[in-house]
Amino acid sequence: MAQYYMPRLFAFLRKLGRHNDREWFHAHKAEYDDLRAAWIADLDRLISCMSAYEPDMAAQSGKDVTYRIYRDTRFSQDKTPFKLHFAALLSPYGKRTCMAADYLHVGVNGSMTENGCYGGLWMPESDVLKKVRKAIVDNIEEFEEIIHDPRLVAVAGTELIGDSLKTVPKGWERDHPYAHLIRMKEYGKFAPMTEKDFSTPSWVERAAEIFHIFKPFNDFINYSITEEL
């Protein structure tokens with residue numbers, strides 16, 4: 001029986017971290033292509049699992065949701081050409097959505113982004129962010145019930161992740177009882193998964209379970225975005 005590919009994927013990314021240049025990558029392109037094909041096959045399985053509770057995802061494929069390994073270096077001081085992770089964005093709205101969505105990260109980036117499952121809203125436009133802030137405050141009991149659900153807390157703790165303003169934005173009282181939520185510029189949850197967690201094919205079902213737990217959180221945000229004022 002062939003060895004599961006994930007340990008080889010982590011080993012490949014570590015080697016790429018030591019030789020992050022186009023010459024080395026070109027010499028090992030066949031290995032990368034093999035790993036990427038196995039990754040896409042697992043994403044196909046993940047989409048199949050998630051389609052049980054997100055039926056609009058059924059038409060998507062692993063190729064649709066995964067990201068390229070090539071970095072966009074145009075506006076970055078770091079000119080290394082390749083990412084040190086594999087990643088995918090999973091949403092019924094598609095990979096290029098501006099809605100709350102699920103994100104999967106597998107790599108050796110260290111503190112830049114941790115391995116595991118992310119859910120929520122990232123870098124929204126100003127108008128969207130204002131709607132979400134207002135919806136949270138106006139429906140605070142519902143929101144707190146969602147984020148304190150024992151199933152969510154069990155996989156992702158109690159903390160919301162994302163960048164925040166240093167002060168309450170204009171239009172809100174400085175001493176507002178939910179100032180900590182109003183200051184947030186992003187609303188996310190994170191469930192870590194270790195390299196060991198990814199070492200067997202069952203990680204796919206585990207990730208699907210986590211994203212299912214994230215669903216009420218994402219649904220609240222997305223309803224807030226689409227709701228007419």
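Since we're looking at a predicted model, the values are computed, not measured. (Residues numbered from 1 in each chain as written. Predicted model: local features only at pLDDT ≥ 70, side-chain atom pairs only at ≥ 80, totals over all residues. Heavy atoms only, no water.)

Notes on the sheet that holds strand β4 (residues 187-192)
In spatial order, the strands read β1-β2-β3-β4; together these four strands make up an open sheet with antiparallel pairing. Here the strands that pair on one side only, and so sit at the sheet edges, are β1 (85-90) and β4. Neighbour-to-neighbour, the strand axes of this sheet turn through a mean angle of 15 degrees, independent of strand direction. Judged from the six bridges that link them, β1 and strand β2 (residues 101-107) form a sheet pairing that is antiparallel. Within β2, the residue paired with alanine 87 across the bridge is histidine 105. Each of β1 and β2 touches helix α3 (residues 29-50); the most contacted strand, β1, lies at about 25 degrees to it. The sheet strands contacting helix α9 (residues 203-226) are β1, β2, β3 (116-121) and β4, and the helix crosses β3 at an angle near 10 degrees. (Pairing = 2+ DSSP bridges. Helix = DSSP H or I, 4+ residues; strand = E, 2+ residues; numbered from the N terminus. Axes fitted to C-alpha atoms, helices over the stretch in contact; angles between N-to-C directions. Contact = heavy atoms within 4.5 Å.)

As for the nonpolar core
Among the nonpolar cores identified, the biggest contains 43 residues, and Met6, Trp39, Leu46, Leu90, Leu104, Trp203 and Phe211 are the most heavily contacted of them. Among the elements of the structure, α1 (6-18), α2 (22-27), α3, β1, β2, α7 (150-156) and α9 are those that each provide at least two residues to this core. Apart from residues no more than four positions distant in its own chain, leucine 46 is found in contact with Leu90, Leu104, Val204, Ala207, Ala208 and Phe211. Core analysis: the next-biggest nonpolar cluster, separate from the first, contains 18 residues, Ala100, Ile146, Ile147 and Tyr187 among them. (Core = buried A, V, L, I, M, F, W, Y, C linked by side-chain atoms within 4.5 Å. Buried < 20%, exposed > 50% of the residue type's maximum accessible area, 1.4 Å probe, protein only.)

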